[in-house]
There are 2 protein chains.
Amino acid sequence: MSRIVYLNGQWLPEAEAKVSIFDRGYVFGDAIYEVTAVADGKLMDYAGHAARLMRSIGEIALECPVSADELLAIHREIVVRNNLVEGLIYLQISRGPDDRDFHFPKSPKPTLSLFTQAKKFIADGPNVVNGIPVISLPDLRWARRDIKTVQLLYPSMAKMEAEKHGAADAWLYEDGFVTEATSSTALIVTRDGHLITRQLSHAILPGITRGSILSLARDAGIPVEERPFTLDEAKSAAEAMITSATQMVQPVVKIDGDVIGDGKPGPVTKRLRKLYIDYHLSNLI
Amino acid sequence: MSRIVYLNGQWLPEAEAKVSIFDRGYVFGDAIYEVTAVADGKLMDYAGHAARLMRSIGEIALECPVSADELLAIHREIVVRNNLVEGLIYLQISRGPDDRDFHFPKSPKPTLSLFTQAKKFIADGPNVVNGIPVISLPDLRWARRDIKTVQLLYPSMAKMEAEKHGAADAWLYEDGFVTEATSSTALIVTRDGHLITRQLSHAILPGITRGSILSLARDAGIPVEERPFTLDEAKSAAEAMITSATQMVQPVVKIDGDVIGDGKPGPVTKRLRKLYIDYHLSNLI
């Protein structure tokens with residue numbers, strides 16, 4: 001069934017939703033995005049995603065073409081129009097069309113688009129039951145990964161490289177330390193039970209799920225350390241995992257072929273996944 | 001007057017040329033581009049741009065949707081349809097539309113678009129007569145700048161930052177050495193008359209105009225060194241310049257407010273510009 005998508009105030013069948021070939025999102029990668037998970041037909045951790053959206057907008061001096069209330073209303077309406085029960089809402093704002101010029105347009109007309117993807121992610125799938133293998137690759141992305149821009153060619157290339165090696169994803173590293181996974185946060189659990197993930201900086205995206213997991217872990221008495229860790233430390237960790245809005249918490253059981261812990265999803269990973277689901281399924285809006 | 005643009009086999013008024021909001025060029029920055037200069041209604045250094053296009057295509061495992069002959073024919077036809085005498089042809093190829101997934105589509109349908117821009121660039125304008133001031137900024141782009149992708153948000157931000165400082169452009173540096181300008185090659189002339197520019201690597205774009213200038217310089221007996229140089233070396237150089245398809249050779253007379261040479265376009269810069277124009281205006285196709 002064709003989806004109904006949102007484009008600049010219009011609701012359109014997906015095949016009719018088009019932007020100019022002059023749109024700066026197309027010509028300059030001049031656009032930011034957000035992905036919000038939907039469960040039971042409601043929004044999961046929406047406040048976090050809306051806040052990060054406004055941060056991205058500010059960092060590249062964009063303007064949001066709609067108010068915060070309108071944005072929430074659009075999110076709710078796209079769920080209804082697509083009978084979406086479980087999946088995600090993808091939102092993108094570009095600086096809009098203009099004759100090609102590296103200078104920002106003087107009177108920008110931003111392009112706002114949203115579409116949905118149905119996806120079962122709450123019930124434990126094979127990736128959650130068995131964990132996933134990842135490979136490591138150098139992080140070749142630009143230096144402002146804290147801004148959620150659509151400049152995603154390298155993460156996409158890295159996913160293809162992972163697939164070629166029979167892995168589900170890649171963990172990226174820079175100067176000897178893990179930054180993050182291609183489109184999720186990388187975390188490990190040390191043998192003495194500490195949850196480790198890199199501290200926020202320009203090097204990584206401020207993951208909304210990451211923030212929620214760290215908060216839930218602290219509340220549950222799990223010691224949390226926000227600091228860089230090496231690939232070697234990850235490979236000898238007790239557990240490894242990734243977090244993102246629609247993967248929530250997913251165990252990582254191999255890095256570059258090296259088995260993590262006993263090769264099965266570990267107790268801290270499972271506990272965090274359960275804490276996350278329990279909390280957020282009770283707080284959908 | 002509205003331009004006629006090319007989009008996937010169709011000739012369209014520019015306002016009607018649109019791509020899907022699912023196009024990977026829009027959603028992932030998954031697209032490459034080329035810019036070819038047009039003078040006297042003919043193509044300038046087309047062979048170089050066509051060759052680099054095929055290189056970019058290969059580097060990100062794209063497929064070119066048309067043959068080399070068709071591509072040349074499209075370039076010629078867009079000139080005619082727009083009565084373009086002097087200016088440029090912009091060409092972009094994206095991996096095309098697909099439901100959003102970091103993995104490349106299994107059956108990609110690449111999007112090929114071309115448009116023209118009229119621009120006087122042969123006769124010496126004020127930038128050529130007076131030279132331009134630039135500022136320096138850290139190079140925050142991704143690490144595969146040798147591929148001409150549309151992931152151009154940082155160069156665009158750098159142009160805006162330059163403008164804010166009353167400069168025309170920015171020279172980017174990394175690990176203490178100049179990489180290139182935001183959308184052109186950076187070159188200097190030492191006090192003993194050597195032309196210096198960074199050697200090709202993943203750190204910079206293999207500039208077509210750069211290659212032509214180095215070749216013309218060597219033929220004219222100007223010593224050429226392809227090696228990294230620091231900002232300090234640039235600031236104390238006899239001359240500085242940038243090269244690109246539609247700027248050809250443009251003198252740089254200030255870097256971060258420091259005057260280069262005597263603050264006027266230097267003799268080597270002027271000579272290279274003349275050599276470039278003389279050669280290429282005689283070799284238009």
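Residues numbered from 1 in each chain as written. Chains lettered and ligands numbered in written order. Predicted model: local features only at pLDDT ≥ 70, side-chain atom pairs only at ≥ 80, totals over all residues. Heavy atoms only, no water.

## Some points on the relation of the copies chain A and chain B
Now for step 1: Each copy superposes on the other: chain A lies on chain B with an RMSD of 0.0 Å after a rotation of 180 degrees and an axial shift of 0.0 Å. These values place the two chain copies in the arrangement generated by a two-fold rotation axis.
Now for step 2: Taken together, the interface assignments show that 100% of the residues at the interface of chain A recur at the interface of chain B, consistent with an identical surface on both copies. (Least-squares fit on C-alpha atoms with pLDDT ≥ 70 in both. Contact = heavy atoms within 4.5 Å.)

## Structural notes on the nonpolar core
Now for step 1: Formed by 38 residues in total, the largest nonpolar core has its most connected members in I21, Y33 and Y90 of chain A together with V5, I21, Y33 and Y90 of chain B.
Now for step 2: Within the residue set of this core, elements represented by two or more residues are β1 (4-7), α1 (24-27), β4 (31-39) and β6 (87-94) of chain A together with β1 (4-7), α1 (24-27), β4 (31-39) and β6 (87-94) of chain B.
Now for step 3: With sequence-adjacent residues up to four places away left out, I21 of chain A is seen in contact with Y26 and V27 of chain A together with V5, L7, A17, K18, V19, S113 and F115 of chain B.
Now for step 4: Counting 34 residues, the second-largest nonpolar core is a separate cluster that includes Y154 of chain A together with I74, I78 and I147 of chain B. (Core = buried A, V, L, I, M, F, W, Y, C linked by side-chain atoms within 4.5 Å. Buried < 20%, exposed > 50% of the residue type's maximum accessible area, 1.4 Å probe, protein only. Helix = DSSP H or I, 4+ residues; strand = E, 2+ residues; numbered from the N terminus.)

## A word on unusual backbone geometry
All names here are of chain A.
Now for step 1: Within the chain, D40 stands out as a residue other than glycine whose phi angle is a positive 50 degrees.
Now for step 2: One can find D40 in the loop between β4 and β5 (42-43).
Now for step 3: Under the relative-accessibility criterion, D40 is labelled exposed at 57%.

## Points about the side chain of Q92 of chain A
Now for step 1: On the secondary structure map, Q92 of chain A appears in strand β6.
Now for step 2: At a separation of 2.8 Å, a polar atom in the side chain of Q92 of chain A contacts the main-chain carbonyl oxygen of Y26 of chain B. (Polar contact = N/O pair within 3.5 Å; in protein donor to acceptor, adjacent residues only side chain to side chain.)

## Things to note about the sheet that holds strand β7 (residues 111-118) of chain B
Residue and element names in this part refer to chain B.
Now for step 1: With antiparallel pairing, the six strands of this open sheet are ordered in space as β2-β1-β7-β6-β4-β5. Two strands bound the open sheet, and with one partner strand each, they are β2 (10-13) and β5 (42-43).
Now for step 2: Relative to β5, β4 is paired through two bridges, and the arrangement is antiparallel. The residue of β5 that forms the bridge with V38 is L43.
Now for step 3: Packing against the sheet, helix α2 (residues 46-59) makes contact with β4, β5 and β6, and its axis sits at approximately 180 degrees to β4. (Pairing = 2+ DSSP bridges. Axes fitted to C-alpha atoms, helices over the stretch in contact; angles between N-to-C directions.)

## Brief notes about the packing of aromatic side chains
Residue and element names in this part refer to chain A.
Now for step 1: Counting across every chain of the model gives 12 aromatic pairs over all chains.
Now for step 2: On the numbers, 5.1 Å between centres and 65 degrees between planes, the contact of F28 with F102 is edge-to-face. One end of the pair, F28, is in the loop between α1 and β4; the other, F102, is in the loop between β6 and β7 (111-118), and 74 residues separate them in sequence.
Now for step 3: Of the residues examined, F28 reaches a relative accessible area of 0% and is grouped as buried.
Now for step 4: Among the residues examined, F102 registers a relative accessible area of 8% and is labelled buried. (Phe/Tyr/Trp six-rings, centres within 6.5 Å; stacked < 30°, edge-to-face > 60°.)

## Description of helix α3 (residues 68-81) of chain A
Residues and elements named next belong to chain A.
Now for step 1: A rise of 1.5 Å per residue sets the reference length of α3, with its 14 residues, at 20 Å; its end C-alpha atoms lie 20 Å apart and thus fit the reference within 8%.
Now for step 2: L71, I74, H75, I78 and V79 are the residues of α3 that are buried. Down the axis of α3, the sector holding all buried residues measures 135 degrees, keeping them to one side. Structural note: α3 exposes D69 and V80 on the side pointing more than 90 degrees away from its buried face.
Now for step 3: Remark: N83 follows α3 within two positions and exhibits a positive phi of approximately 45 degrees. (Expected span 1.5 Å × (residues − 1). Arc of directions from axis to C-beta.)

## Some points on the interface of chain A and chain B
Now for step 1: Chain A puts 53 residues into the contact, and the matching count from chain B is 54 residues.
Now for step 2: Together, Y26, F102 and L153 of chain A form the three largest contributors to the area buried by chain A at its contact with chain B, with a combined 18%.
Now for step 3: Joining chain A to chain B, the criterion identifies two salt bridges.
Now for step 4: Across the salt bridge formed by D99 of chain A and R3 of chain B, the nearest N and O atoms sit 2.9 Å from each other.
Now for step 5: Counting the contacts that link chain A with chain B gives 27 residue pairs in polar contact (both at pLDDT 80 or more).
Now for step 6: Listing elements by their share of the side of chain A that touches chain B, those giving two or more residues are β1, β3 (18-20), α1, β4, β6, β7 and α5 (153-164) of chain A.
Now for step 7: Taken together, the three bridges between β3 of chain A and strand β3 (residues 18-20) of chain B define a ladder with antiparallel strand orientation. (Buried area = accessible area lost by both parts, 1.4 Å probe. Salt bridge = Lys/Arg side-chain N within 4 Å of Asp/Glu carboxyl O.)

## A closer look at the sheet that holds β7 of chain A
Hydrogen bonds between backbone groups are what pair the strands of a sheet, and the pairing can be parallel or antiparallel.
All names here are of chain A.
Now for step 1: Spatially, the six strands line up as an open sheet ordered β2-β1-β7-β6-β4-β5, and their pairing is antiparallel. Bordering the open sheet on either side are β2 (10-13) and β5, each of which pairs with just one other strand.
Now for step 2: Of the pairings in the sheet, the one linking β1 to β7 comprises two bridges and is antiparallel in character. Within β7, the position partnered with Y6 by the bridge is L114.
Now for step 3: On top of the sheet, α3 reaches β1, β2, β4, β5, β6 and β7; it is set at about 40 degrees to β7, its chief contact.

## Overview of the domain arrangement of chain A
Residue and element names in this part refer to chain A.
Now for step 1: For chain A, the assigned domains are domain 1 (4-118) and domain 2 (126-281).
Now for step 2: Domain 1 and domain 2 are separated by 26 Å when their C-alpha centres are compared.
Now for step 3: With 22 residues of domain 1 in contact, the opposing surface of domain 2 contributes 19 residues.
Now for step 4: A buried area of about 1700 Å², summed over both sides, lies between domain 1 and domain 2, and 65% of it is on carbon and sulfur atoms.
Now for step 5: The three residues of domain 1 that bury the most area against domain 2 are Y33, M44 and R52, which together make up 37% of that side's buried surface.
Now for step 6: A salt bridge links R55 to D146; the shortest N-O distance between them is 2.8 Å.
Now for step 7: Run the count over domain 1 and domain 2 and you get six residue pairs in polar contact (both at pLDDT 80 or more).
Now for step 8: Every element with two or more residues in the side of domain 1 that touches domain 2 is listed here: β4, α2 (46-59) and β6.
Now for step 9: The leading source of residues in the side of domain 1 that touches domain 2 is β4, at seven residues.
Now for step 10: Split by residue class, the side of domain 1 that touches domain 2 holds 11 nonpolar, six polar and five charged. (Domains from an automatic or database assignment. Nonpolar A, V, L, I, M, F, W, Y, C, P; charged D, E, K, R; others polar.)

## Considerations on α5 of chain A
Now for step 1: Here α5 of chain A contains 12 residues, and its C-alpha end-to-end distance of 17 Å stays within 8% of the 16 Å for a straight helix at 1.5 Å per residue.
Now for step 2: Among all positions of α5 of chain A, only L153, Y154, P155, S156, M157, A158, K159 and A162 of chain A are buried.
Now for step 3: Considering only its buried residues, α5 of chain A is in contact with β8 (132-138) and β9 (169-174) of chain A together with α1 and α2 of chain B.

## With respect to the packing of helix α6 (residues 208-219) of chain A against helix α8 (residues 267-281) of chain A
Relative orientation and spacing of two packed helices are given, respectively, by the angle between their axes and the distance between those axes.
Residue and element names in this part refer to chain A.
Now for step 1: α8 packs onto α6 with a crossing angle of 105 degrees between their chain directions and a minimal axis gap of 10 Å. In terms of axis orientation, α6 runs roughly perpendicular to α8. From α6, T209, S212, I213, L216 and A217 reach across to α8, where they touch L272, L275, Y276, Y279 and H280.
Now for step 2: Among the residues forming the contact of α6 with α8, the class breakdown is seven nonpolar, three polar and no charged. (Parallel < 35°, antiparallel > 145°, perpendicular 65-115°, else oblique.)

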